[in-house]
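Report on the structure
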Amino acid sequence: MVEYLADRDERWRASLAGHLDTVGDSPELRLTAIFDASREWTAENSAKGCSMVNAHAEISDPSHPAYAIIIGQKRWMLDLFTGVCRDASVRDPETLARTVMLLHEGALVAYGLQVFPDAVRLASEQAAALLAAAAARNREA
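These lines cover the structure that appears in this document, whether it is placed above or below. Model, not experiment: these values are computed from the prediction.

Reading the values: rules and limits
- Residues numbered from 1 in each chain as written.
- Predicted model: local features only at pLDDT ≥ 70, side-chain atom pairs only at ≥ 80, totals over all residues.
- Heavy atoms only, no water.
- Helix = DSSP H or I, 4+ residues; strand = E, 2+ residues; numbered from the N terminus.
- Expected span 1.5 Å × (residues − 1).
- Buried < 20%, exposed > 50% of the residue type's maximum accessible area, 1.4 Å probe, protein only.
- Contact = heavy atoms within 4.5 Å.
- Polar contact = N/O pair within 3.5 Å; in protein donor to acceptor, adjacent residues only side chain to side chain.
- Patch = residues over 30% accessible without salt bridge, like charges linked within 9 Å, V, L, I, M, F, W, Y side chains within 5 Å.
- Areas by Shrake-Rupley, 256 points an atom, 1.4 Å probe, with all protein chains shown as cover.
- Salt bridge = Lys/Arg side-chain N within 4 Å of Asp/Glu carboxyl O.
- Arc of directions from axis to C-beta.

Observations concerning the environment of Ser-89
Tracing the backbone through its elements, the reader meets Ser-89 in the loop between α4 (65-87) and α5 (93-113). A C-alpha to C-alpha distance of 18 Å links Ser-89 and Val-23, two positions 66 residues apart in sequence.

Here's the deal with α4
Structurally, the α-helix is built with 3.6 residues per turn, so residues lying three or four positions apart point the same way. For α4, spanning 23 residues, the distance from its first C-alpha to its last is 34 Å, which sits close to the expected 33 Å at 1.5 Å a residue. Remark: Ser-89 follows α4 within two positions and exhibits a positive phi of approximately 60 degrees.

Some thoughts on the environment of Arg-86
Among the secondary structure elements, Arg-86 is positioned in helix α4. Exposure remark for Arg-86: the relative accessible area of 48% places this residue in the partly exposed category. Remark: the alpha-carbon pair of Arg-86 and Pro-27, spanning 59 residues in sequence, is separated by 8.6 Å. If we skip the residues at most four places from it in the chain, Arg-86 touches Pro-93 and Glu-94. Within the structure, Arg-86 has its side chain in polar contact with the side chain of Glu-94 (distance 2.5 Å).

Re the side chain of Lys-74
Looking at where Lys-74 falls in the secondary structure, it is placed in helix α4. Looking at Lys-74, its side chain comes within polar contact range of the side chain of Gln-73, at 3.4 Å. Ignoring anything within four residues of it in the chain, the contact list for Lys-74 reads Cys-50, Met-52, Val-53, Met-101 and Glu-105.

Quick notes on a nonpolar patch on the surface
Nonpolar side chains collect at one region of the surface, where Val-53, Val-109, Leu-113, Val-115, Phe-116 and Leu-122 lie side by side and expose about 490 Å² of accessible area between them. By secondary structure assignment, the location of Leu-113 is in helix α5.

Observations regarding helix α6 (residues 119-140)
Its 22 residues place the ends of α6 32 Å apart at the C-alpha level, agreeing with the 32 Å of an ideal helix rising 1.5 Å per residue. Residues of α6 that are buried include every one of Ala-119, Val-120, Ala-123, Ser-124, Ala-127, Leu-131, Ala-134 and Ala-135, and no others. End-on, the buried residues of α6 take up no more than an arc of 130 degrees, which puts them together on one face. When the buried face of α6 is taken as reference, the exposed residues oriented beyond 90 degrees from it are Arg-139 and Glu-140. In this structure, the buried residues of α6 make contact with α2 (27-45), α4 and α5.

This is the structure in structure tokens:
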């Protein structure tokens, strides 16, 4: 399980880096690229949603060697979203990043459960709208 999750995480990060490399430094484009990468990844690799979330359902003991990989990947994603929000010069990038992370993770779960179609696209649109609104508020202040 540890090797599987570590490999999966490595492949995910490489796939995401490929998407991010194509969009430059724009926070708005980077945010969209993250969600686009997630849409592509889930369609190709994760019919049941996020493998890290699914693994965590079975492995919640912090002493298990896979736990560090699971939590590490999610912390890495939160750091990525935080960087995007900071680069957009919003007032409270940490809170916005957490909100975007909730949208992202919820979309992956909804995708895996097939609750409604194209959950990742909807989450992407909502995350982009939140980022735009927060950046606009900051410019007005």
